[in-house]
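Descriptive analysis of the structure
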Amino acid sequence: PGSGVGLAGVVIAARTQMTRRGRMMVVTLDDATAQVEITVYNELFEKHRDKLKEDALLVVLAGKVQGDQFSGGLRVAADELLDLEALRGRYASRLRIAMNGEADAMKLRKMLAPYRSSGDGACRVVVSYTGANAACEVALGDAWRVRPDSRLIAELGAWLTPDNVQIVYGAR
């Protein structure tokens, strides 16, 4: 019997097929350790067809994983698909920003302001500062929760270098 799992990887191949229940797609996902074929049935295919393209990063929540007697590998049926943006929105708990010698609070405030949110998918912002004589982490208040949007991550990374911008996943 199958069991639910989560898989993440890069789409390296995608092909559509017609079935008697409509179109489906078979997606080959590669996580740098293995390649797995994922079956995406009609309703899910129609809902997420824009995510199902080569070189896209994809997270697959699978309803069933079964042995495939024909190929000797596994057959995985997708229940849900998430791209990186959706994954962040659902599971990101904190946006950790290391300021170090670049502590410009007004610039940080301006950068965060367009992404402030109190709704689902908003995460806490934690500013980590390390100086010559001290180090601390400060969690900004709930009014400064943000959507962990790709543009925000890119803007902060361009200012502070990507290593100083980290999404932390887990319980909110």
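Below you will find a few notes about this structure. Worth saying up front: this structure is predicted, and the values here are computed from it rather than measured.

Rules used throughout
Residues numbered from 1 in each chain as written. Predicted model: local features only at pLDDT ≥ 70, side-chain atom pairs only at ≥ 80, totals over all residues. Heavy atoms only, no water. Buried < 20%, exposed > 50% of the residue type's maximum accessible area, 1.4 Å probe, protein only. Helix = DSSP H or I, 4+ residues; strand = E, 2+ residues; numbered from the N terminus. Pairing = 2+ DSSP bridges. Salt bridge = Lys/Arg side-chain N within 4 Å of Asp/Glu carboxyl O. Axes fitted to C-alpha atoms, helices over the stretch in contact; angles between N-to-C directions. Contact = heavy atoms within 4.5 Å. 1 Å grid on protein atoms, 1.4 Å probe; cavity = no way out; pocket = protein on both sides within 12 Å on 5 of 7 lines; lining within 4 Å. Points joined across faces, edges and corners; volume = space filled by probe spheres on them. Nonpolar A, V, L, I, M, F, W, Y, C, P; charged D, E, K, R; others polar.

The element strand 6 (residues 92-98) is extensively covered by neighbouring structure, given that 5 of its 7 residues are classed as buried. Two elements, strand 6 and strand 7 (residues 124-130), share 5 bridges in a ladder whose sense is parallel. Counterpart to A98 in the pairing with strand 7 is S128.

Here the focus is the pattern of salt bridges. Counting across every chain of the model gives 8 salt bridges. Here D142 ties to R124 by a salt bridge, and the two come within 2.9 Å at their closest N and O atoms. With D142 in the loop between strand 8 (135-139) and helix 4 (150-160) and R124 in strand 7, the pair connects residues that are 18 residues apart, well separated along the chain. Here R124 falls in the partly exposed class, since its relative accessible area comes to 25%. One salt bridge in this structure joins R151 and D149, with 3.1 Å as the shortest N-O distance.

Despite not being glycine, A32 has its phi angle at roughly 75°, a positive value. Counting through the fold element by element, A32 comes out in the loop between strand 2 (22-30) and strand 3 (35-40). Of note in the backbone geometry, T161 takes a positive phi value of approximately 80° without being a glycine. Note on placement: T161 falls in the loop between helix 4 and strand 9 (165-169). The class for T161 is partly exposed, based on a relative accessible area of 42%.

The next thing to look at is the sheet that holds strand 3. Strand order in the closed barrel formed by 5 strands is 1-2-3-5-4, and the pairing between neighbours is mixed. Sheet twist, expressed as the average angle between the axes of neighbouring strands with direction ignored, equals 45°. Pairing of strand 3 with strand 5 (residues 74-82), which is carried by 2 bridges, proceeds in the parallel orientation. Residue T39 lies in a different strand from strand 5, and its bridge partner there is A77. Each of strand 4 (57-67) and strand 5 is contacted by helix 2 (residues 84-91), which is oriented at about 70° to strand 5, the strand it contacts most.

Across the sheet, which stays open at both edges, the 4 strands sit in the order 8-7-6-9 with mixed pairing between neighbours. The open sheet has two edge strands with one neighbour each: strand 8 and strand 9. Averaged over neighbouring strand pairs, the angle between their axes works out to 20° when direction is ignored. Helix 4 contacts strand 6 and strand 9 of the sheet and is inclined by roughly 20° relative to strand 6.

There is about 220 Å³ of room inside the second largest pocket. In this structure, the second largest pocket is lined by M99, A103, D104, A105, L108, R109, L112, V127, Y129, V138, L140 and W144. Elements with a contribution of two residues or more to the lining of the second largest pocket: helix 3 (105-112) and strand 7. Here the residues of the lining of the second largest pocket sort into 10 nonpolar, no polar and 2 charged.

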